[in-house]
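Fold and contact review
Here's the letter readout for the chains.
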Amino acid sequence: MEESAGLDTYLENHYIHRSNWLRAAVLGANDGILSTASIAVGVAAATELREPIILATLAGLVAGALSMAAGEYVSVSSQTDVEKADIERERQELEEMPELELQRLAEIYVERGLKQETALTVAKEMTAHDALGAHVRDELGINEISQAKPIQAALASGGAFTAGGILPFLVTLFVPLDGMEYILYITATLFLMLLGAIAAKTGGSNIWKAVIRITFWGTIAMGLTALAGYIFGINV
Ligand SMILES: [Zn+2]
């Protein structure tokens, strides 16, 4: 019983890192589909010509992808700055008060279940091997996987948005103009439902709830932009 519980936690921890990335990618693609399709539906509801729809959708796709990437880069970079400042402070504390830091590290290992004596031995050996590395990992909780990577995050976020947004854009290129806003709505909703189901499945949450939620908000977003398009419809 005990052994399998340990293994489950171990597997879950590994699974959780993978699913975090997957969930971020799915949510990015969701944004891409929803905002690009909404723009396309709004313009398709306002004009009888294909060019303005294609142009607006493409502009929305590019602007959305770049702003997602820029936003992610800025937010993850500031996280990197915080991490770097923390690591620098830790380095100074290790120089100024090594004894106190050793006690702190041993306390952390006691909290994790080691006996006082074992904890102190482990702390001493870890400190002798790589003091800063041990504190950064076990005290600050910064490790290779969680460390912020701004460029990677920006590319992943912009890429996910583009992967999602390109679907409605392709629809504006190929489907007949007549009733295009309805075809855009139906195809975008199907894409959103599929992604909603994947995100729920990877996150271990209820698939139907996720699908209903994304369909509801997708309908609201595209419905309101279509309404705006009808109200401000122009014959260009
Ligand atoms: Zn420390």
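I will try to describe carefully the structure that is included in this document. Since the model is a prediction, treat every value here as computed from it, not as a measurement.

**Topic: the coordination of the zinc ion**
Six octahedrally arranged donors around a metal ideally form angles of 90 or 180 degrees; four tetrahedrally arranged donors ideally form angles of 109.5 degrees. Listed as protein donors to the zinc ion are Glu 90 (OE), Glu 101 (OE), His 135 (ND1) and Glu 139 (OE); their distances from the metal cover 1.7 to 2.4 Å. Each of the four donor atoms bound to the zinc ion contributes to angles spanning 82 to 142°, and the resulting shape is irregular. Counting along the primary sequence, the residues that act as donors to the zinc ion give the motif E-x10-E-x33-H-x3-E. In this pair, Glu 90 is assigned in helix H2 (residues 50–96) and His 135 in helix H4 (residues 116–138), connecting sequence segments 45 residues apart. Residue classification places His 135 among the buried residues on the basis of a relative accessible area of 1%.

**Some remarks on the nonpolar core**
Ranked by internal contacts, the top residues of the largest apolar core, which has 21 residues, are Met 180, Leu 184, Leu 192 and Met 222. Of all the secondary-structure elements, those providing two or more residues to this core are helix H1 (2–44), helix H6 (180–203) and helix H7 (207–231). Residue contributions to this core peak at eight residues, all from H1. Excluding residues within four positions of it along the chain, Leu 192 makes contact with Asn 30, Ile 33, Leu 34, Ile 214, Gly 218 and Met 222. Counting eight residues, the second largest nonpolar core, distinct from the first, contains Leu 102, Tyr 109, Ala 119 and Ala 134.

**So, the pattern of salt bridges**
Any two side chains of opposite charge can pair, on the condition that their charged atoms come close. This structure, assessed with the given rule, holds five salt bridges. One salt bridge in this structure joins Asp 138 and Arg 112, with 3.3 Å as the shortest N-O distance. Here Arg 112 lies in the loop between helix H3 (98–111) and H4 and Asp 138 lies in helix H4, a separation of 26 residues in the sequence. Taking the shortest distance from any N to any O, the salt bridge between Arg 137 and Asp 138 comes out at 3.2 Å. Each member of the salt-bridge network shares a partner with another, and the members are Arg 112, Arg 137 and Asp 138.

**Some details on the packing of aromatic side chains**
Summed over the entire model, instances satisfying the criterion amount to one aromatic pair. Each ring, one from Phe 216 and one from Trp 217, has its centre 4.9 Å from the other, and the planes form 80°; the classification is edge-to-face. Phe 216 sits in the partly exposed class, given a relative accessible area of 45%.

Calculation notes
Residues numbered from 1 in each chain as written. Predicted model: local features only at pLDDT ≥ 70, side-chain atom pairs only at ≥ 80, totals over all residues. Heavy atoms only, no water. Donors = N, O, S within 2.8 Å, 3.2 Å for Na, K, Ca; no water. Tetrahedral: all angles 85-135°; square planar, octahedral: opposite > 155°, others 65-115°. Helix = DSSP H or I, 4+ residues; strand = E, 2+ residues; numbered from the N terminus. Buried < 20%, exposed > 50% of the residue type's maximum accessible area, 1.4 Å probe, protein only. Core = buried A, V, L, I, M, F, W, Y, C linked by side-chain atoms within 4.5 Å. Contact = heavy atoms within 4.5 Å. Salt bridge = Lys/Arg side-chain N within 4 Å of Asp/Glu carboxyl O. Phe/Tyr/Trp six-rings, centres within 6.5 Å; stacked < 30°, edge-to-face > 60°.

None of the figures reported here should be taken as evidence of function without further support.
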